[in-house]
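Coordinate analysis (summary)
Here is what each chain is made of, one letter per residue.
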Amino acid sequence: MEFKNIIFEKEDYLAILSINRPKAMNALNADTLYELEAAVKEVKDDTNIKVMIITGTGDKSFVAGADITFMLPFTPIEGRFFSDVGERVMRQVELLEKPVIAAINGFALGGGCELAMSCDIRLASENAAFGQPEVGLGVIPGFGGTQRLPRLIGEGRAKELTFTGDIINAEEAYRIGLVNHVYPLDQLIDEAKKLAQKIASKAPLAVGYAKYAINKGLQADIDTAMGIESDMFGICCATSDKAEGMGAFVEKRKPKFEGK
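This section reports on the structure supplied with the text. (Residues numbered from 1 in each chain as written. Predicted model: local features only at pLDDT ≥ 70, side-chain atom pairs only at ≥ 80, totals over all residues. Heavy atoms only, no water.)

Judged by pairing direction, the sheet is mixed, and its 6 strands sit side by side in the order β1-β2-β3-β5-β7-β10 without closing on themselves. Every other strand in the sheet has two partners, leaving β1 (6-11) and β10 (181-183) as the edge strands with one partner each. Each strand of the sheet is rotated relative to its neighbour by a mean of 20°, with strand direction disregarded. As judged from the 6 bridges shared by β1 and strand β2 (residues 14-19), these two strands associate in the antiparallel manner. From the neighbouring strand, Glu11 faces β2, where its bridge partner is Leu14. Against the sheet, helix α1 (residues 30-45) engages β1, β2 and β3 (51-56), with an angle of about 15° to β1. (Pairing = 2+ DSSP bridges. Helix = DSSP H or I, 4+ residues; strand = E, 2+ residues; numbered from the N terminus. Axes fitted to C-alpha atoms, helices over the stretch in contact; angles between N-to-C directions. Contact = heavy atoms within 4.5 Å.)

Here is the structure:
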């Protein structure tokens, strides 16, 4: 697929996807969502890729939201369809077996905040800003924001941000647990790559199974979730990486994982 709204690059074990619609502050329209979906599938199918970073081009906006000009003429049916597409793509990011790091380099509003929340780990630049301002436009978050935000920061804070449409800065996002770390803008991508490298040095199958166990377990009661964890632990014991990792520990050497 030829990409017109994103830049998609591979660096050894790492995939870097940049939303690239500078004239629209990297806002998401349908074409951009479809390109994002295609890139996620490519990452899923590429056995060499261990970690994915999602960011935005420029120094002002990660993703400023869904494209309002694009949405303005929507009928109810068209609105429901666009929401379904956005939710599907965000869910594919969330369910990707490989870790996804959001490097949030500016505005992450509406659909941008929702894209960031679909990633596993969120790193923000000092100039980043977050919010779900949709109620000020007469709609509600439509790409999973009403569901992921309370799961990440708690019901009360999520309702306040959603009902008021308030925009918060990076430090406040860090304080309430919406982002993991805050860095100067010129260090953001390097820090994301450092984190990606640390994750990529671990057993990739185990990392993927851990992500699966966390994601699935959060949707279940504690007893069911513990069963999911035990299942994934048992599956790890069938891998060559488990033998390599434990063997390397006993032999006091660095493991060489092959993802098998």
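Our next topic: the packing of helix α3 (residues 76-95) against helix α4 (residues 111-118). Look at α3 against α4: their axes get within 8 Å of each other, and the N-to-C directions meet at 25°. Compared by their axis directions, α3 and α4 come out roughly parallel. Contacts between α3 and α4 involve Met90, Val93 and Glu94 from the first element and Gly111, Glu114, Leu115 and Ser118 from the second. Residue composition of the contact of α3 with α4, grouped by class: 3 nonpolar, 2 polar and 2 charged. (Parallel < 35°, antiparallel > 145°, perpendicular 65-115°, else oblique. Nonpolar A, V, L, I, M, F, W, Y, C, P; charged D, E, K, R; others polar.)

What follows covers the side chain of Lys211. Among the structural elements, Lys211 can be located in helix α9 (residues 204-217). Among residues more than four places away in sequence, those in contact with Lys211 are Val93, Glu94, Leu96, Glu97, Lys98, Pro99, Val100 and Asp120.

Before going further, it helps to spend a moment on the sheet that holds strand β8 (residues 129-131). Spatial strand order, β4-β6-β8-β9: 4 strands in an open sheet with mixed pairing. Single-partner strands in this sheet number two, and they are β4 (61-63) and β9 (167-169). With direction set aside, neighbouring strand axes in the sheet form an average angle of 20°. Bridge count between β8 and β9: 3 bridges; the pairing is antiparallel. The residue of β9 that forms the bridge with Ala129 is Asn169. Lying over the sheet, α4 contacts β4, β6 (107-109) and β8, oriented at roughly 75° with respect to β4.

Take His181: it is sitting in strand β10. Relative accessible area serves as the criterion here: at 38%, His181 is assigned to the partly exposed category. Taking the C-alpha atoms as reference points, His181 and Ser125, separated by 56 residues in sequence, lie 8.5 Å from one another. His181 has contacts with Arg122, Leu123, Ala124 and Tyr174, leaving out every residue within four places of it along the chain. (Buried < 20%, exposed > 50% of the residue type's maximum accessible area, 1.4 Å probe, protein only.)

On to the packing of aromatic side chains. Counted by the stated rule, this structure contains 5 aromatic pairs. Each ring, one from Phe3 and one from Phe8, has its centre 5.9 Å from the other, and the planes form 75°; the classification is edge-to-face. The class of Phe8 is buried, set by a relative accessible area of 18%. For the ring pair Phe74 and Phe82, a centre distance of 5.4 Å and an interplane angle of 70° mean the geometry is edge-to-face. Three or more aromatic residues joined by ring pairs make a cluster, and in this case those are Phe70, Phe74, Phe82 and Phe143. (Phe/Tyr/Trp six-rings, centres within 6.5 Å; stacked < 30°, edge-to-face > 60°.)

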